[in-house]
Each structure stands twice: as C-alpha cells, then as structure tokens.
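# Commentary on secondary and tertiary structure
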Amino acid sequence: MELPASLRQGVERLLENVPLAVLKQAAKTLSDRYRAELRDGRLHMAEDLAVKAYLATRLPATYAAIRASLDALSDAKPAFQPRTLLDVGAGPGTVLWAATDLWPDLEQAVLFEASAAVRKIGETLAGNTIAAQTRWLAGDATIDLADIEPADLVTCAYVLDEIAPASQPKLIHRLWQLTGDTLLIVEPGTPAGWQRILAVRRQLIEAGAHVLAPCAHQAPCPLVQPDWCHFSRRVARSRLHRLAKDADVPWEDEKFIYVAASRDGPTSHQARVLAPPKSGSGKVLLKLCQDDGTATERLFTKRDGADFKLARRLDWGDRLDNIAK
C-alpha cells in the first residue's frame, strides 16, 4: 500500500534539501527512541529534523498500518461514513490522509498534536490538498482533552507506547466519551503493543462498546503468550528510505495491532486470519480467530469446493466472509 501521490510529492519536497548524513543520524536517533519505548518527558519528534526523519523512514509504514486498520473497520461496518474525525496524537496527519482516501466525503477533522514541529509540517503537507476542513490543536493528550468536541470517528495511532501506563486508562475513557460512533486505536505489533491493546479492549467492552475488528467476538482473547495477535503490511522503500536506514532490501514489513470499537455492533461477526496462510498442493491451512471466542487452525482442501477457492485467496488479517462454518 503506497502513500497517496499528493502526500508522497509533498514529503519529497520537504526532504529534497536535507543532507543525507544528517537525515541518517536523525533517523537512527528516532528509531532508537521508538524501539526503547522511551518515556523520558521529551517528545520523539520535538524538532523539525526528527519530523523529517520520520517522514523518510516511518510514514509509509505507519500509513499502511493505519489504512489497513481503517479498511478492517470499514469491512466490519460498511454503512459507516464518518463526517467528522478527531485524531489524538496526530503526528504529521497520517490518519487524516488515510481516512480521506477511504472516505472522500469526510467534512471536518480535528488533529490534536503536542509537537509544534509536527503540527507545522502536518499543516504544510495537508495544504490545499485535503478537502475536509481541518483544525490543528496543541496539547498533551493525557490532560488537555476536556474542551474537545466529539466526532463520528475518533483515532489514536502509535500513541499509547509513548504514554505512561498509569495514564492510559484515563485517556481511553476520555476518547470513548468523545466517540460519537467508532473509536480506533493502533499500536506497534509487538507483544507489548498487543498487551496495551488487550487492556484497551477490556476497558471498552466494560464501558459497553462493541468490538468491530480485528476480534470476531467479545470474549477474552484466546491467544496465550508467547503467541500474540498482530498483523503485517509489506511496504516498498523509496531510494531515500533505503539510504537513510542503510537498508539492503527494497521493502520492509510493518507489524501492527489495533482495536476498532463502536457504539453499535457489526452487522455480523466473521472469523479472521491470524497468521500468514500455509499453502500446499491442493490445500491451505488458516489460523483463525473465531466468533465463538476460540482460536484454531482450519484446513481447506479441494474437496471443500467454493470454500477452498475463497480460502486460497485470503491473506493475513482478512475475514472469512462467505465461507461456511
């Protein structure tokens, strides 16, 4: 999944005069902070150069993960057509670009972001390209959401890993209060990210939310450590991306985990593929999260006829729509 052309072109303009050696060092510093999940009181992208390093090395991957999560939300609730968006911890507007690509009729978007450097670049990128009326607000997501207006779609992507664990339940409570219809939380697809999403999921269900995706049920997650729920998107690296990260391969796999919850339920619960399918001659084995609250592996063979043909086309993260139980 590639960045929208206008976003890609805007990023290229912002990066064209940044010396490669400077960008590489900034990218390494940013990567080290993300990997360590540092919470030292400093923003990961407090400075202009850190934001540009993010654009070069992280934006394509986070965009792909967020867009995939929004697609799963939309698949589970096809009639949902949000008119308003609130994105908390908006970064350079990644959710805004993904949401307007999926829902071109989005009318208004409020983007809440603590870093002035990120807000400036986000506004520059959106420019006159994004049709929705956008408003950028400054503040700390854990304490400054009191006066924010609710929205049809509320999102919070790649944010919880930067927030102290003790502050997360209060933030999720406020995000749910602000959710007119649907809330989406996206995190890195690590075991720690999965644990954060599990905590969010439990809290939302206790608050009366209906889980849309990725889960096929409202029951406790059936996976047991060291296994964990996550998904992946393969992202093509640009030449600058490869140079900035000293990367040998022209792609990277972005692993992510998410939960989408709504004030009303999905039209139906469908099992979801939890791992890359294992295919052989005339057969495919799928690891599934099922609507009865269990996780299992299911083998499809040519004898299953149409179900086999459907199963063979499924990928990691897809739902088993139209396949018999």
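To be clear, the structure that these remarks concern was listed above.
This structure is a prediction, so every number in the text was calculated from the model and none was measured. (Residues numbered from 1 in each chain as written. Predicted model: local features only at pLDDT ≥ 70, side-chain atom pairs only at ≥ 80, totals over all residues. Heavy atoms only, no water.)

## Here we look at the nonpolar core
Heads up, the rule is: Side-chain atoms within 4.5 Å link the members of a nonpolar core, which is a set of buried Ala, Val, Leu, Ile, Met, Phe, Trp, Tyr and Cys residues. Burial classes follow relative accessibility: with a 1.4 Å probe on protein chains only, a residue under 20% of its type's maximum area counts as buried, one over 50% as exposed, and anything between as partly exposed. Helix and strand labels come from DSSP, where a helix needs a run of H or I of at least four residues and a strand needs a run of E of at least two; each type is numbered from the N terminus. Working rule for contacts: check all heavy atoms of both residues, and any pair within 4.5 Å makes them a contact.
Core analysis: the largest hydrophobic core is formed by 93 residues, its most contacted members being L175 and I185. For this core, the element with the most residues is helix α4 (residues 59-76), which contributes nine residues. In contact with L175, other than residues within four places in its own chain, are V88, L145, V154, C156, L183 and I185. One finds A271, V273, V284 and L288 within the second-largest nonpolar core, a separate group that totals eleven residues.

## Quick look at the packing of α4 against helix α5 (residues 94-102)
Note the cut-off: The axes are straight lines fitted to the C-alpha atoms, using for helices just the contacting stretch, and the angles between their N-to-C directions are given from 0 to 180°. Angles below 35 degrees are treated as roughly parallel, those above 145 as roughly antiparallel, those between 65 and 115 as roughly perpendicular, and all remaining angles as oblique. Handedness of a helix crossing follows the sense of rotation of the near helix relative to the far helix, less than a right angle counterclockwise being left-handed and clockwise being right-handed. In this classification, Asp, Glu, Lys and Arg are treated as charged, Ala, Val, Leu, Ile, Met, Phe, Trp, Tyr, Cys and Pro as nonpolar, and every other residue, Gly included, as polar.
The interhelical angle for the contact between α4 and α5, taken along N-to-C directions, is 45°, at an axis separation of 9 Å. Between α4 and α5, the crossing angle belongs to the class labelled oblique. Crossing hand, α4 versus α5: right-handed. Within the contact between the two elements, α4 uses L59, T62, Y63, I66, R67, L70, D71 and S74 and α5 uses T94, V95, W97, A98, A99, D101 and L102. Tallied by class, the residues present in the contact of α4 with α5 amount to nine nonpolar, three polar and three charged.

## Describing the pattern of salt bridges
Where we set the bar: Think of a salt bridge as a Lys or Arg side-chain nitrogen and an Asp or Glu carboxyl oxygen that are within 4 Å of each other.
Overall, the coordinates contain 14 salt bridges when judged by the stated rule. A salt bridge links R67 to D101; the shortest N-O distance between them is 2.4 Å. One end of the pair, R67, is in helix α4; the other, D101, is in helix α5, with 34 residues separating them in the sequence. Residue classification places D101 among the partly exposed positions, given a relative accessible area of 43%.

## Quick look at the pairing of strand β8 (residues 251-262)
As a reminder, the rule being used: By definition, two strands form a pair when at least two bridges between them are found by DSSP.
With respect to burial, β8 is a largely interior element, nine of its twelve residues being buried. Here seven bridges tie strand β5 (residues 179-188) to β8, and the two strands are oriented antiparallel to one another. Bridging from a neighbouring strand, E187 pairs with I257 of β8. Relative to β8, strand β6 (residues 210-213) runs antiparallel, the two sharing three bridges. From the neighbouring strand, H210 faces β8, where its bridge partner is S262.

## What to know about the packing of aromatic side chains
Definition in use: Ring pairs shown here join Phe, Tyr and Trp side chains whose ring centres sit within 6.5 Å, with only the six-membered ring taken for Trp; geometry is labelled stacked below 30 degrees between planes, edge-to-face above 60, and tilted in between.
Applying the stated rule across the entire model yields four aromatic pairs. On the basis of an interplanar angle of 75° and a centroid distance of 5.7 Å, the ring pair of F80 and W103 is categorised as edge-to-face. In this pair, F80 is assigned in the loop between α4 and β1 (84-88) and W103 in the loop between α5 and β2 (108-112), connecting sequence segments 23 residues apart. Like F80, the residue W103 is buried in the burial classification. Taking 6.2 Å as the distance between ring centres and 25° as the angle between the ring planes, the aromatic pair formed by F256 and Y258 counts as stacked. For Y258, a relative accessible area of 4% corresponds to the buried category. Linked through ring pairs, F231, F256 and Y258 together constitute an aromatic cluster.

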